[in-house]
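# Fold and geometry: a report
Spelled out, the chains give:
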Amino acid sequence: MAQFLLLGLLAILSGHSSWGFHEETRYPCAFIDTTNITGSFGTNGTYVHNWTVIPSNLVAVYDFVIENGIRIPARRHLRACVCRLKPCVRICCQEGEIYDLEGRHCSVTRGKVPPLPSYSHMEVEFLNGSLKEMELRSGFSIHVDTPCEHMKAVTKGLEYVHWTLHENGTVSHRGHVFSKHYCFTPVLLRNSNSSAWDWQPLACAPEKLHFVLGIREWTYAICLLISIISMFIVLMVYLLCSEMRNSFYGVAIKAYSICMILGYALLAYLTLHNPANLSNAACRILREFVCYPQRYNIFDNLSFPTLASLTLMYLVLSFYILSFISFKLYLSFHGVVFTKLMFWLIFTPIVIIAVGWSFYVGFSYYGSRLVFGSDTCWFDPRNWSIMLYLYAPVFVACAISGFFYILSLIYLSEQPVIETEKSFESIEKNRFRSFWKYVAYKSVVWFVCVCSFAFNYYREERSHLNYAVCFCVALHGFAALYALIGKNQQIQNFLRRIDNGEDTCENSVPLSSFG
């Protein structure tokens, strides 16, 4: 049965890949050669835009735009390949403005400078090799905009070179053809005697987040490893303890420990590896697959959930498991016992929600960038995406846990102070105290992570990390050992029996119900 399910999944994904191929090939030209003609009127199967008649075979409906080289979903609109009908010339700014290379925006000239050249005329080289100053509108389609948010000049060393605009719309210098993703701006060239304006094409300069692997990153990875080892110890102790092995609390803590081990292991992996070198990682496959699905086979696409989204899923799921435990602890004070069916009916939707959230985030955009897969395999520290997609659901989980914690405290405060006669009540109260000690420590750790990110963001440090985060992550592991093992009465009794050489399997309970 599992084999048929796997084959069905492969067939669906393969079909999706082929659909993407047909989706891509139905566009008549590159996006950079199009313009939005929504609202233009059409007659006899043609469209008229800016007094140019455009045949229908050069018009298509687009549901995306490309900004800074990234494909972004957008409302459906009409775009036409105007550059196929008339060569395009791209000018960065409106007439009277120049592109400020330092401020990276259009601005007016200041100070004593020569008057700007005419924006309506430019020197053009014709097919016969002659150069002539001509009016651009008569032979070109003019686009006034920057193709990317950040533009840069292309120089030879520190010197500007003279780029030539050709009659067919290409821009070149001594046989070197400039990219279509450009725009012209006047640049003031100074020499010892005079200064003059020269039209220079600017190229896209996307802002890259450079990968750093220093002492801080290694310290963070080591602290994650400490926490992983601590959680593994918790997992093994709860697996070996016969009294915990099949109880609700024991199963939930084991599931939580597995989530933390896998989540922290993936987080350490992402910290230590350059995204540019992760050729099969989803953080790169997703972005390129969306734009160029025909370049990748189905096995590349299957790697999508293996890194960033799985990391997010395990971390978010771990917090909601804690909320589930706090809910069950509250019910246990009222004598409610979970059957195995009840456990899975509640736990399964929690897992589905965590998985769905991770996939949703994996395909989502924050601003003009994919949440995962732009310059980093994890959340981009240059924006607030981590606050929205990780810390917000974590906060919701903490709020749910806190709600049931308060209800439990209210219930306990209303009970008469007497010696506990039933071991069940004593065990539940002990679990309650040890569990909430751990939750308190974990909440402090993640609160420090949130504050550290905000601190780094306002200091314009492009990192989620600092040494406070590293220390708290290691503390997280020690807190698990202290609260979940050291302060749990059943676990301590189990460890004493091991120390005394007693049989630890005599009290094993069948998995028929969860107490």
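Now for a description of the structure that goes with this document. (Residues numbered from 1 in each chain as written. Predicted model: local features only at pLDDT ≥ 70, side-chain atom pairs only at ≥ 80, totals over all residues. Heavy atoms only, no water.)

### Digging into the sheet that holds strand S4 (residues 52–55)
Strand pairs in the sheet, formed through backbone hydrogen bonds, run parallel or antiparallel to each other. A sheet is described by the order of its strands in space; here three strands give the open sequence S2-S3-S4, paired in antiparallel fashion. Across the chains shown, the open sheet's two edge strands, defined by having one partner strand only, are strand S2 (42–43) and S4. (Pairing = 2+ DSSP bridges. Helix = DSSP H or I, 4+ residues; strand = E, 2+ residues; numbered from the N terminus.)

### Here we look at the state of the cysteines
The full count for this structure, using the stated rule, is five disulfides. In this model Cys83 forms its disulfide with Cys88; the gap between the sulfur atoms is 1.9 Å. Its S-S torsion of about -105° marks the bond between Cys83 and Cys88 as left-handed, since a negative value means left-handed. Here Cys83 matches Cys88 in class, with each residue buried. (Disulfide = S-S within 2.5 Å. Buried < 20%, exposed > 50% of the residue type's maximum accessible area, 1.4 Å probe, protein only.)

### Re the environment of Val144
With respect to the element layout, Val144 can be found in strand S12 (residues 141–144). Taking relative accessible area as the criterion, Val144 reaches 40% and is therefore assigned partly exposed. Spatially, the C-alpha atom of Val144 lies 5.6 Å from that of Cys92, the residues being 52 residues apart in sequence. Filtering out sequence-adjacent residues up to four positions away, Val144 remains in contact with Ile91, Cys92, Cys93 and Gln94. (Contact = heavy atoms within 4.5 Å.)

### Examining the environment of Leu409
By the element assignment, Leu409 lies in helix H11 (residues 385–414). For Leu409, a relative accessible area of 36% gives the class partly exposed.

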